[in-house]
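Each chain, written out:
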Protein chains: 2
Amino acid sequence: MTKKIRIKNLPIGGGAPISVQSMTNVSVCDVDSTLRQINDLQNSDCDIVRIALPDNKAAEAFSIVRKNTDMPLVADIHFDGRLAVAAIEAGADKIRINPGNMSFKQLDSVIDCAKSNGIPIRLGVNGGSVNRDLLKKHNGDKVLAIEANLRQYITYFEDKGFDKIVLSVKSSDVSEMVRVNRSIAASFDYPIHLGVTEAGPAYQGLVKNSVGIGTLLLDGIGDTIRVSLTANPVEEVRAAKEILKSLNLRDGVKFVSCPKCGRCGYDLEKAATEIYEYVKDMRKNIKVAVMGCEVNGPGECLDADVGIAGANGRCVFFKYGKIYKTVDESVAVEEFKREIDLIAK
Amino acid sequence: MTKKIRIKNLPIGGGAPISVQSMTNVSVCDVDSTLRQINDLQNSDCDIVRIALPDNKAAEAFSIVRKNTDMPLVADIHFDGRLAVAAIEAGADKIRINPGNMSFKQLDSVIDCAKSNGIPIRLGVNGGSVNRDLLKKHNGDKVLAIEANLRQYITYFEDKGFDKIVLSVKSSDVSEMVRVNRSIAASFDYPIHLGVTEAGPAYQGLVKNSVGIGTLLLDGIGDTIRVSLTANPVEEVRAAKEILKSLNLRDGVKFVSCPKCGRCGYDLEKAATEIYEYVKDMRKNIKVAVMGCEVNGPGECLDADVGIAGANGRCVFFKYGKIYKTVDESVAVEEFKREIDLIAK
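Residues numbered from 1 in each chain as written. Chains lettered and ligands numbered in written order. Predicted model: local features only at pLDDT ≥ 70, side-chain atom pairs only at ≥ 80, totals over all residues. Heavy atoms only, no water.

Here we look at the overall build of chain A
Turning to step 1, where the next piece is worked out: A count of helices and strands for chain A gives 12 helices and 15 strands.
Turning to step 2, where the next piece is worked out: Principal-axis analysis of the C-alpha atoms places the extent of chain A at approximately 75 × 45 × 30 Å.
Turning to step 3, where the next piece is worked out: Burial statistics for chain A: of 345 residues in total, 62% are counted as buried.
Turning to step 4, where the next piece is worked out: A separation of at least 24 residues holds for 62% of the contacts in chain A among residues at least 6 apart in sequence.
Turning to step 5, where the next piece is worked out: Split by element, the accessible area of chain A, about 12900 Å² in all, is 48% carbon and sulfur.
Turning to step 6, where the next piece is worked out: Placing the 46 positive and 45 negative side-chain charges of chain A at their respective mean positions leaves the two points 2 Å apart. (Helix = DSSP H or I, 4+ residues; strand = E, 2+ residues; numbered from the N terminus. Buried < 20%, exposed > 50% of the residue type's maximum accessible area, 1.4 Å probe, protein only. Contact = heavy atoms within 4.5 Å. Areas by Shrake-Rupley, 256 points an atom, 1.4 Å probe, with all protein chains shown as cover. Lys, Arg positive; Asp, Glu negative; His and termini not counted. Charge placed at Lys NZ, Arg CZ, Asp CG, Glu CD.)

Structure follows, in structure tokens:
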């Protein structure tokens, strides 16, 4: 098990529930838009918000943002350690740096400042930012080079008595991202932040993140996740929640529906979509099945708390494999929602 | 490595490229609609089409469909072995049965018929259809029960001298589906058909299939895949191709784009979406990067054949980490497409 650290009051690692992160994608200097995005993320059940601070102006704006939200905030800083210090002093709950692009002197002051403020630091090494000498030393093997690079940073931090560390090793190549995370999970016991970088627009990004993050979560690797999409940040949270739900790592309705096949007796896609939308944000651990026909329907969903299947202009409702009600197709979906409500109570 | 079998001329297993399947979702008795769906699937690069044959009428319609398409066709039959025999005689390239719901006498005639016609049979056991006695014997452990069930069927088929077998063990639970496929891959050397059953509507289904199928493909497990979605079958093919591409298991443009962050200098989401749509069906092994800013852009995409990044009202184009051109933002996307065409040649 990984060590447990805290971001504000939120535990990360050590068996804590896997938390979901996202990142604002407007300039933090536009304080109103930033706060609006943070608010939207909070409403969509996001746990942690990251904000990029590219310069002094951004660091000043960050301090205003900080005063106007209670969300756990992570400041993302490159190159200039003084910005990290400013962000911590302004109330960042965690900072994210790549130590490789900062001077040692500045890095030391960042570590000291994080230590005295009791906040964690995420050490990030990406496929694109790994130390070139280490890459050469390991004959171009990115997995070995990234792990060696991270080990240098960890040693440096530990030698300075700092251990509130979160690790992240990202890549835009899913297979590489899985290999390198498996490798660091076997070597270190700090909590791990999972993500696929530059995953692309919504559709491709959803697939790449699901494969990469999902594979690792199935291994028991990963303490906090960020689905990176070239899209509205709220979409990142939606995707992250869906990945967690697919592996039973998050409360929610288990929704199953079969692909319509030649046996199907009603407009399954419409019914499934409507019922899915109805249940998708319910935090109830029940299983709802929307099936095409009586052949596979009740039998394949013996463990469904409630199910519906088509039967020639009528629909049957079933519980634990047993049909208990038959209703007209025209009113079936509405009536089925009421059955769900009854069971969810 | 798994054994190699053939569905029509298409090799499955034994190191052959992973093939993509889908299933028509209209009644096969509606021959025109069925042929239209098969045609759409063929145009979307689907390799194999499955059709459900619930009764005699469907089997008759299937023989007409068969005469009007050269796509590899799989007939999906439950309960009635005579339908399977009829489908094989009508020219099915493979049949899919669950031997558990057929009488032994009928099963024998199906095996004989498949043997004399030289076509393979997919043996499917799903979480919902596993033998109840075996489930009891294994104390409710579905993974063990499914594997034991499959072993019975395989033994039965092998004893009759039949070995053109494809295996499939599906579940609507992703974690269970991964465990049971890992288990059968370790036990048998027949090619494996991967899928998550009843995965739900497009969004949830995409995530569940990506996690389940992707995890197994990363293990080197899986010879043919079917993404099951409660949606248009063409969406199933799109999803399957995207999963394969995410793991470099299919030719195509590698597209990376970063999530827009506070550093971004132009409308990245719009540019990324437009460029992604432009390249997504190109079968060229090039890497295209659409990045927000000059900070992460060129550096994080050292291996991109061509990339674009925003820079205050202008965009820079880069190759292998080096900027080689600066253009006005208003014409950047169009000009960038021309650069892609040049490189793809």
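With respect to helix H6 (residues 142-159) of chain A
Each α-helix turn comprises 3.6 residues. Residues three or four places apart therefore point the same way.
All names here are of chain A.
Turning to step 1, where the next piece is worked out: Under the 1.5 Å per step criterion, the end-to-end length of H6 is 26 Å for 18 residues, consistent within 8% with the ideal 26 Å.
Turning to step 2, where the next piece is worked out: Of the positions making up H6, those classed as buried are Val 143, Ala 145, Ile 146, Glu 147, Ala 148, Asn 149, Leu 150, Tyr 153, Ile 154 and Phe 157.
Turning to step 3, where the next piece is worked out: Where H6 is buried, its residues touch strand S6 (94-97), helix H4 (104-117), strand S7 (121-126), helix H5 (132-137), strand S8 (165-170) and helix H7 (174-187).
Turning to step 4, where the next piece is worked out: N-cap assignment for H6: the residue whose side-chain oxygen lies 3.0 Å from the backbone N of Val 143 is Asp 141.
Turning to step 5, where the next piece is worked out: Gly 161 sits one or two residues past H6 and shows a positive phi near 75°. (Expected span 1.5 Å × (residues − 1). Polar contact = N/O pair within 3.5 Å; in protein donor to acceptor, adjacent residues only side chain to side chain.)

Here we look at the sheet that holds strand S14 (residues 314-319) of chain B
All names here are of chain B.
Turning to step 1, where the next piece is worked out: The strand order across the open sheet built from five strands is S11-S12-S13-S14-S15, with neighbouring strands paired in mixed fashion. Whereas interior strands pair on both sides, the edge strands pair on one side only; in this sheet they are strand S11 (254-257) and strand S15 (322-328). The sheet shows a mean angle of 20° between the axes of neighbouring strands, taken without regard to direction.
Turning to step 2, where the next piece is worked out: For S11 and strand S12 (residues 287-291), the ladder comprises four bridges, and the chain directions are parallel. Directly across from Val 256, in S12, lies its bridge partner Ala 289. (Pairing = 2+ DSSP bridges. Axes fitted to C-alpha atoms, helices over the stretch in contact; angles between N-to-C directions.)

Concerning the sheet that holds S7(A)
All names here are of chain A.
Turning to step 1, where the next piece is worked out: Read from one edge to the other, the open sheet built from eight strands follows the order S8-S7-S6-S5-S4-S3-S10-S9, with strand pairing classed as parallel. Of all strands in the sheet, those bounded by a partner on one side alone are S8 and strand S9 (193-194).
Turning to step 2, where the next piece is worked out: Pairing of S7 with S8 involves six bridges; the strand directions are parallel. Residue pairing in the sheet places Leu 123 in a bridge with Leu 167 of S8.
Turning to step 3, where the next piece is worked out: This element, helix H3 (residues 81-89), spans strand S5 (73-77) and S6 of the sheet and lies at about 165° to S5.
Turning to step 4, where the next piece is worked out: Its contacts with the sheet put helix H9 (residues 233-246) on strand S3 (19-23) and strand S10 (224-226), and the angle it makes with S3 is roughly 160°.

Let's talk about the interface of chain B and chain A
Turning to step 1, where the next piece is worked out: Contact with chain B, which involves 71 residues of that partner, is made by 71 residues of chain A.
Turning to step 2, where the next piece is worked out: Counting each side, the surface lost to burial between chain B and chain A is near 5700 Å², with a carbon and sulfur contribution of 58%.
Turning to step 3, where the next piece is worked out: Applying the counting criterion to the chain B and chain A interface returns two salt bridges.
Turning to step 4, where the next piece is worked out: Where Lys254(A) meets Asp173(B), a salt bridge forms, and the shortest distance between an N and an O atom there is 3.8 Å.
Turning to step 5, where the next piece is worked out: At the junction of chain B and chain A, the tally comes to 15 residue pairs in polar contact (both at pLDDT 80 or more).
Turning to step 6, where the next piece is worked out: Elements with a minimum of two residues in the side of chain B that touches chain A: helix H7 (174-187), helix H8 (202-218), helix H9 (233-246), S11, helix H10 (268-279), S12 and helix H11 (297-300) of chain B.
Turning to step 7, where the next piece is worked out: It is H8(B) that contributes the most residues to the side of chain B that touches chain A, 10 residues altogether.
Turning to step 8, where the next piece is worked out: Residue classes in the side of chain B that touches chain A are distributed as 30 nonpolar, 23 polar and 18 charged. (Buried area = accessible area lost by both parts, 1.4 Å probe. Salt bridge = Lys/Arg side-chain N within 4 Å of Asp/Glu carboxyl O. Nonpolar A, V, L, I, M, F, W, Y, C, P; charged D, E, K, R; others polar.)

Digging into the packing of H6(A) against H7(A)
Residue and element names in this part refer to chain A.
Turning to step 1, where the next piece is worked out: Close contact between H6 and H7 brings their axes to 9 Å; oriented N to C, the two are set at 40°. Relative to H7, the element H6 is oriented oblique. Between H6 and H7 lies a crossing of right-handed hand. Contact with H6, carried on its side by Lys 142, Val 143, Ile 146, Glu 147, Leu 150 and Arg 151, involves Glu 176, Arg 179, Val 180, Ser 183, Ile 184 and Ser 187 of H7 and no other residues of that element.
Turning to step 2, where the next piece is worked out: When the residues that make up the contact of H6 with H7 are grouped by side-chain class, the tally is five nonpolar, two polar and five charged. (Parallel < 35°, antiparallel > 145°, perpendicular 65-115°, else oblique. Left-handed = near helix turned anticlockwise from the far one by under 90°.)

Observations regarding a negative patch on the surface
Turning to step 1, where the next piece is worked out: Negative charge collects at one region of the surface, where Glu158(A), Asp159(A), Asp163(A) and Asp189(A) lie side by side.
Turning to step 2, where the next piece is worked out: Positionally, Glu158(A) belongs in helix H6. (Patch = residues over 30% accessible without salt bridge, like charges linked within 9 Å, V, L, I, M, F, W, Y side chains within 5 Å.)

Observations concerning the pattern of salt bridges
Turning to step 1, where the next piece is worked out: What the rule picks out here adds up to 41 salt bridges over all chains.
Turning to step 2, where the next piece is worked out: Across the pair Glu147(B) and Arg151(B) runs a salt bridge, and its minimum N-O distance is 3.2 Å. You can see Glu147(B) and its partner Arg151(B) sitting in helix H6 (residues 142-159), four residues apart, about one turn around the helix.
Turning to step 3, where the next piece is worked out: A residue is classified by how much of its surface remains accessible, and Arg151(B), at 40% relative accessible area, is partly exposed.
Turning to step 4, where the next piece is worked out: Of the charged contacts in the structure, one is a salt bridge between Glu339(B) and Lys325(B), with a shortest N-O distance of 2.9 Å. With a gap of 14 residues between them, Glu339(B) in helix H12 (residues 329-344) and Lys325(B) in strand S15 connect regions that are remote in the sequence.
Turning to step 5, where the next piece is worked out: Looking at Glu339(B), the relative accessible area reads 8%, which means it is buried.
Turning to step 6, where the next piece is worked out: Among the ionic contacts, a cluster of salt bridges with common partners joins Lys325(A), Glu335(A), Arg338(A) and Glu339(A).

Remarks on the domain arrangement of chain A
Residue and element names in this part refer to chain A.
Turning to step 1, where the next piece is worked out: When the domains of chain A are assigned, the result is domain 1 (5-246) and domain 2 (254-344).
Turning to step 2, where the next piece is worked out: Between the C-alpha centres of domain 1 and domain 2 the distance comes to 40 Å.
Turning to step 3, where the next piece is worked out: Taken together, the contact pairs five residues of domain 1 with four residues of domain 2.
Turning to step 4, where the next piece is worked out: With both chains or domains summed, domain 1 and domain 2 bury close to 320 Å², and 18% of this area falls on carbon and sulfur atoms.
Turning to step 5, where the next piece is worked out: The tally of links from domain 1 across to domain 2 stands at one salt bridge.
Turning to step 6, where the next piece is worked out: Here Asp 45 makes a salt bridge to Arg 283, at a shortest N to O gap of 3.1 Å.
Turning to step 7, where the next piece is worked out: On the surface where domain 1 and domain 2 come into contact, there are three residue pairs in polar contact (both at pLDDT 80 or more). (Domains from an automatic or database assignment.)

Some remarks on the packing of helix H3 (residues 81-90) of chain B against helix H4 (residues 104-117) of chain B
In a pair of packed helices, the angle between the axes and the distance between the axes together describe the arrangement.
All names here are of chain B.
Turning to step 1, where the next piece is worked out: The N-to-C vectors of H3 and H4 enclose an angle of 10°; their axes lie 8 Å apart at closest approach. In terms of orientation, H3 and H4 fall into the roughly parallel class. The segment H3 lies against H4, with Gly 81, Arg 82, Ala 84, Val 85, Ile 88 and Glu 89 engaging Gln 106, Ser 109, Val 110, Cys 113, Ala 114 and Asn 117.
Turning to step 2, where the next piece is worked out: For the contact of H3 with H4, the class distribution of residues is six nonpolar, four polar and two charged.

Some thoughts on the relation of the copies chain B and chain A
Turning to step 1, where the next piece is worked out: Each copy superposes on the other: chain B lies on chain A with an RMSD of 0.0 Å after a rotation of 180° and an axial shift of 0.0 Å. What the superposition gives is, in effect, a two-fold axis relating one chain to the other.
Turning to step 2, where the next piece is worked out: Comparing interface residues between copies, 100% of those in chain B also lie at the interface in chain A; the contact surface is shared. (Least-squares fit on C-alpha atoms with pLDDT ≥ 70 in both.)

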